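Remarks on the overall topology
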Amino acid sequence: MVRTRIAPSPTGSLHVGTLRAALFNYLFAKSQGGSFALRIEDTDIERSDKKFEKEIFQGFSWLGIIADEGPLEGGPFAPYRQTERIGTYSKYLELLLSQGNAFYCFHSEENLERERKELMAAKRPPIHACEYRSMERAEAEMLLETKGAAIIRFKTPLGKIITFTDLVRGEISFESDLLGDFSLAKGLTAPLYNFAVVVDDYEMQITHVIRGEDHIPNTPKQILIIEALGFLRPQYAHLPLILGSDRSKLSKRHGATSIDEYRKEGYLSDALFNFIALLGWSPGGDREIMTKEEIIKEFSLERVQKSGAIFDVAKLDWMNGEYIRKKSLVELARLCIPYIEDFFKFKIKNSKLKIGDIKKIIALEQPRLKKLSEIGDRADFFFREPVYEKELLQWKSMRTDELSQSLDKSYDLIFNIEFPVSKEAVEKAFFEMIGTGDKGSILWPLRVALTGKKASPGPFEILSILPKEVALKRIAAAKGLLA
Ligand code: GLU
């Protein structure tokens, strides 16, 4: 059975890259009828934080990436937090040491740092070929007693070519001589990434390791550990880098990179799910809007591209708008209300607004809205008096007195009809009044008077929501501006 995993480190906000890796692991497992596990890589005690762990759980659940196994779900290979698995790592470290595949290195951090700098300056790869690799175990144990601590390193075989077939990128080879004696742990109970990940993937029977291509250089190291321990090698699939629209690696410079920022900005989880699934994968053809079920059905690693995946915010906005359009009004209202309350700093339940009005306002904006956070600004004229320059009232070359008369006509018409009024009824009344005249000469100044905006829904829709006295007051105010 296919078993995949995502192994995030809770050392920072949940990044788009982690989410994409999680999603592809989830999609691949689900498309194959397999299982997907979440494992928290929290061995970096100083940088790991429960706050970030929570962000991972919440981010995944919000997006709909559901782990079959994990710290919260439990599962057959629990525990799913590395700090709770220390005993397992010690066991395999002991094994590697006793086999002679690992050794204690007594170089100090300063020593190693100096060596690294010198190698870099000489334009040589910053690897550590350690002279302790041939020290007898007994001697090393004695030295360990006096020194108290030592790094455990892998005794990298020399002159070996390590080759693996990546499911995205094809065959990849590395020379072992360029890896150096890389570190496995800071001590028997302090495993480091390359080692711990191998042990966990083996113990959890992971069949496919799907992760960002920045991990390609780690793969030969992991393969050497796997071979030394006699483990089965999983299949690897390295996903293309995520790039900003200028084709450089996605970073803060391009806008938000943490998923929580996208949620707060009012992107919908199903839109992001769809968008992130297309970051390096495509179903073929020009299909873009797809449900979660369709994506799972179509997903395959063969269709993952090698070249960088562009994170195109304009496309995300478009896609989000499409998902907003698909929402039922009730659902969209529920999603928008917190944004309205936040924008105007009030609670709808304490205001005069009725939920029916809110729904009408949202229905008006639904065809144009790209993200939920725009709702306050787009619909602000329903909640407060518009502020605008009188030039905005100008229609073609109408004179001020003509504009003023146009507003008078609208005022009188509205004054004389009964509110609440339907869009159709008010539209009919206006068209009767305008007859064969220029519609814009009446409707432009009216719409601006009601909204204070260059672009907004039409005046009839607005009049079907705005109370009569508010509409009249605004038209009078517009006249005042012209005077
Ligand atoms: N903790 C690693 C990361 O977050 C996991 C990499 C892997 O999947 O092997 O990048």
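From a predicted model like this one, the values you see are computed outputs, not experimental measurements. (Residues numbered from 1 in each chain as written. Predicted model: local features only at pLDDT ≥ 70, side-chain atom pairs only at ≥ 80, totals over all residues. Heavy atoms only, no water.)

To continue, consider the overall build of the protein chain. Assigned secondary structure in the protein chain consists of 19 helices and 11 strands. Residue burial in the protein chain is summarised as follows: out of 483 residues, 49% are buried. Sequence separation of at least 24 residues holds for 75% of the intrachain contacts in the protein chain that already meet a minimum separation of 6. For the protein chain, the computed accessible surface area is about 23400 Å², with 52% contributed by carbon and sulfur atoms. The average position of the 70 basic charges and that of the 69 acidic charges among the side chains of the protein chain differ by 4 Å. (Helix = DSSP H or I, 4+ residues; strand = E, 2+ residues; numbered from the N terminus. Buried < 20%, exposed > 50% of the residue type's maximum accessible area, 1.4 Å probe, protein only. Contact = heavy atoms within 4.5 Å. Areas by Shrake-Rupley, 256 points an atom, 1.4 Å probe, with all protein chains shown as cover. Lys, Arg positive; Asp, Glu negative; His and termini not counted. Charge placed at Lys NZ, Arg CZ, Asp CG, Glu CD.)

For the rest of this paragraph, the subject is the UniProt feature "domain: Aminoacyl-tRNA synthetase class I anticodon-binding" (unreviewed entry) in the protein chain. Residues annotated by UniProt as "domain: Aminoacyl-tRNA synthetase class I anticodon-binding" (unreviewed entry) correspond here to residues 331-478. For the annotated span residues 331-478, helix accounts for 59% and strand for 0% of the residues, and the straight-line distance between the end C-alpha atoms is 36 Å. (UniProt positions renumbered as here; feature names shortened; annotations may be inferred.)

Before going further, it helps to examine the pattern of salt bridges. Within this structure, the stated rule accounts for 40 salt bridges. Arg 5 serves as the salt-bridge partner of Asp 201, at 2.9 Å between the closest nitrogen and oxygen. With Asp 201 in helix 6 (residues 193-203) and Arg 5 in strand 1 (residues 3-6), this residue pair connects regions lying 196 residues apart in the sequence. Among the residues examined, Asp 201 registers a relative accessible area of 6% and is labelled buried. Among the charged side chains, a salt-bridge network with shared partners connects Arg 5, Arg 39, Glu 41, Arg 85, Asp 200 and Asp 201. (Salt bridge = Lys/Arg side-chain N within 4 Å of Asp/Glu carboxyl O.)

The next thing to look at is the side chain of Asp 200. Within the element layout of this structure, Asp 200 appears in helix 6. Apart from residues no more than four positions distant in its own chain, Asp 200 is found in contact with Arg 39, Gln 82, Arg 85 and Tyr 89.

What follows covers unusual backbone geometry. With an omega of 0°, the peptide bond running from Ala 78 to Pro 79 counts as cis. Note on placement: Pro 79 falls in the loop between helix 2 (50-63) and helix 3 (86-99). The linkage connecting Phe 419 with the following residue, Pro 420, adopts the cis geometry, with an omega of -5°. Within the fold, Pro 420 resides in the loop between helix 15 (400-416) and helix 16 (423-434).

With that out of the way, let us pick up the environment of Ser 351. Relative to the helices and strands, Ser 351 resides in the loop between helix 12 (329-344) and helix 13 (355-365). Along the chain, Ser 351 and Glu 294 lie 57 residues apart, while their C-alpha atoms are 43 Å from each other.

Core analysis: the largest hydrophobic core is formed by 103 residues, its most contacted members being Phe 382 and Phe 430. When residues in this core are grouped by element, the largest group, 10 residues, is from helix 1 (residues 16-31). Other than its neighbours up to four places away in sequence, Phe 382 contacts Ile 361, Leu 364, Ile 462, Ile 465 and Leu 466. Among the nonpolar cores identified, the runner-up in size contains 46 residues, and Ala 102, Phe 103, Tyr 132 and Ile 151 belong to it. (Core = buried A, V, L, I, M, F, W, Y, C linked by side-chain atoms within 4.5 Å.)

The end-to-end C-alpha distance of helix 16, which contains 12 residues, comes to 16 Å, matching closely the 16 Å that a straight helix rising 1.5 Å per residue would cover. Three or more residues of helix 16 are buried, namely Val 426, Ala 429, Phe 430 and Ile 434. When helix 16 is viewed along its axis, its buried side chains cluster within an angular range of 130° and face the same direction. Away from the buried face of helix 16 by more than 90 degrees, exposed residues Glu 424, Lys 428 and Glu 432 are located. Against helix 15, helix 17 (439-451) and helix 18 (459-463) lie the buried residues of helix 16. (Expected span 1.5 Å × (residues − 1). Arc of directions from axis to C-beta.)

Two numbers describe how helix 1 lies on helix 9 (residues 269-277): the axes approach to 10 Å, and their chain directions differ by 85°. The angle between the axes of helix 1 and helix 9 places the two elements in the roughly perpendicular class. Contacts from Leu 19, Arg 20, Leu 23, Phe 24, Tyr 26 and Leu 27 of helix 1 reach helix 9 at Phe 273, Ile 276 and Ala 277. Its residues assigned to classes, the contact of helix 1 with helix 9 comprises eight nonpolar, no polar and one charged. (Axes fitted to C-alpha atoms, helices over the stretch in contact; angles between N-to-C directions. Parallel < 35°, antiparallel > 145°, perpendicular 65-115°, else oblique. Nonpolar A, V, L, I, M, F, W, Y, C, P; charged D, E, K, R; others polar.)

This paragraph deals with the sheet that holds strand 7 (residues 183-185). Sheet architecture is open: three strands sit in the order 3-4-7, paired in antiparallel fashion. Whereas interior strands pair on both sides, the edge strands pair on one side only; in this sheet they are strand 3 (102-105) and strand 7. Each strand of the sheet is rotated relative to its neighbour by a mean of 45°, with strand direction disregarded. Bridge count between strand 4 (residues 151-154) and strand 7: two bridges; the pairing is antiparallel. By the bridge assignment for strand 7, Ile 152 is matched with Ala 185. Against the sheet, helix 3 makes contact with strand 3, strand 4 and strand 7, and its axis sits at roughly 95° relative to strand 3, the strand it touches most. (Pairing = 2+ DSSP bridges.)

For any two aromatic rings, the description comes down to two numbers: the centre-to-centre distance and the angle of the planes. Inspection of the entire model under this criterion finds 23 aromatic pairs. Their ring planes at 15° and their centres at 5.3 Å tell us that Phe 154 and Phe 182 sit as a pair that is stacked. Taken together, the residues span a long stretch of sequence, with Phe 154 in strand 4 and Phe 182 in the loop between strand 6 (170-175) and strand 7 at a distance of 28 residues. A cation over a ring is seen here: Arg 447 above Trp 444, with NZ or CZ 4.7 Å from the ring centre. (Phe/Tyr/Trp six-rings, centres within 6.5 Å; stacked < 30°, edge-to-face > 60°. Lys NZ or Arg CZ within 6 Å of the ring centre and 35° of its normal.)

For the largest pocket, the calculated volume is near 1100 Å³. Surrounding the largest pocket, 43 residues form its lining, Ala 7, Pro 8, Ser 9, Thr 18 and His 215 being those nearest its centre. When residues of the lining of the largest pocket are traced back to their parent elements, those giving at least two are strand 1, helix 1, helix 6 and strand 8 (208-212). In this structure, the second largest pocket encloses a volume near 620 Å³. If you trace the second largest pocket, you find 27 residues lining it, with Leu 112, His 128, Ile 151, Arg 153 and Ser 183 closest to the centre. Among the secondary structure elements, those contributing two or more residues to the lining of the second largest pocket are helix 4 (109-121) and strand 4. In terms of residue count, helix 4 provides more of the lining of the second largest pocket than any other element does, five residues in total. Residues that form the lining of the second largest pocket fall into these classes: 14 nonpolar, four polar and nine charged. (1 Å grid on protein atoms, 1.4 Å probe; cavity = no way out; pocket = protein on both sides within 12 Å on 5 of 7 lines; lining within 4 Å. Points joined across faces, edges and corners; volume = space filled by probe spheres on them.)

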